[in-house]
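Here's the letter readout for the chains.
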Amino acid sequence: MRETILLTVGGLGRLRPAPGTWGSLPPPVLALVMLALLGGGHWTMNASIALLGLAAAVVCLRFGDDA
């Protein structure tokens, strides 16, 4: 169950219409929050997106076969 929640980003990846669009919404929102909290320039936004993408890839590789 925990794996499904992680893989679907809390269930956003199952919303209709366009589940992929809903599922891809959290990374830019989290990156904007991190930018607001950390300040900095464009490098902060790029680093945030890269770290969130890496975290998502690890989750998919770890739990992808289970769902």
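All values reported here derive from a predicted model rather than from experimental measurement.

Parameters at a glance
- Residues numbered from 1 in each chain as written.
- Predicted model: local features only at pLDDT ≥ 70, side-chain atom pairs only at ≥ 80, totals over all residues.
- Heavy atoms only, no water.
- Helix = DSSP H or I, 4+ residues; strand = E, 2+ residues; numbered from the N terminus.
- Buried < 20%, exposed > 50% of the residue type's maximum accessible area, 1.4 Å probe, protein only.
- Contact = heavy atoms within 4.5 Å.
- Areas by Shrake-Rupley, 256 points an atom, 1.4 Å probe, with all protein chains shown as cover.
- Axes fitted to C-alpha atoms, helices over the stretch in contact; angles between N-to-C directions.
- Parallel < 35°, antiparallel > 145°, perpendicular 65-115°, else oblique.
- Left-handed = near helix turned anticlockwise from the far one by under 90°.
- Nonpolar A, V, L, I, M, F, W, Y, C, P; charged D, E, K, R; others polar.

A. Region of interest: the overall build of the chain. For the chain, the count of helices and strands is four helices and zero strands. In sequence order, the chain lays out its α and β elements as α-α-α-α. The dimensions of the chain, computed from C-alpha atoms along their principal axes, are 40 × 25 × 15 Å. By residue count, 12% of the 67 residues in the chain fall in the buried class. Taking the contacts inside the chain whose residues are at least 6 apart along the sequence as the reference set, 32% of them involve residues at least 24 apart. Entry remark: accessible area of the chain is about 4,900 Å², with carbon and sulfur atoms responsible for 72%.

B. Representation of the packing of helix α3 (residues 26-38) against helix α4 (residues 42-63) in the model. Where α3 meets α4, the axes come as close as 9 Å, and the angle between the chain directions of the two elements is 135°. Overall, the two elements α3 and α4 adopt an arrangement that is oblique. Here α3 and α4 pass one another in a crossing that is right-handed. When α3 is examined against α4, the residues Pro27, Pro28, Leu30, Ala31, Leu32, Met34, Leu35 and Leu38 are found in contact with a partner set consisting of Thr44, Met45, Ser48, Ile49 and Leu52. For the contact of α3 with α4, the class distribution of residues is 11 nonpolar, two polar and no charged.

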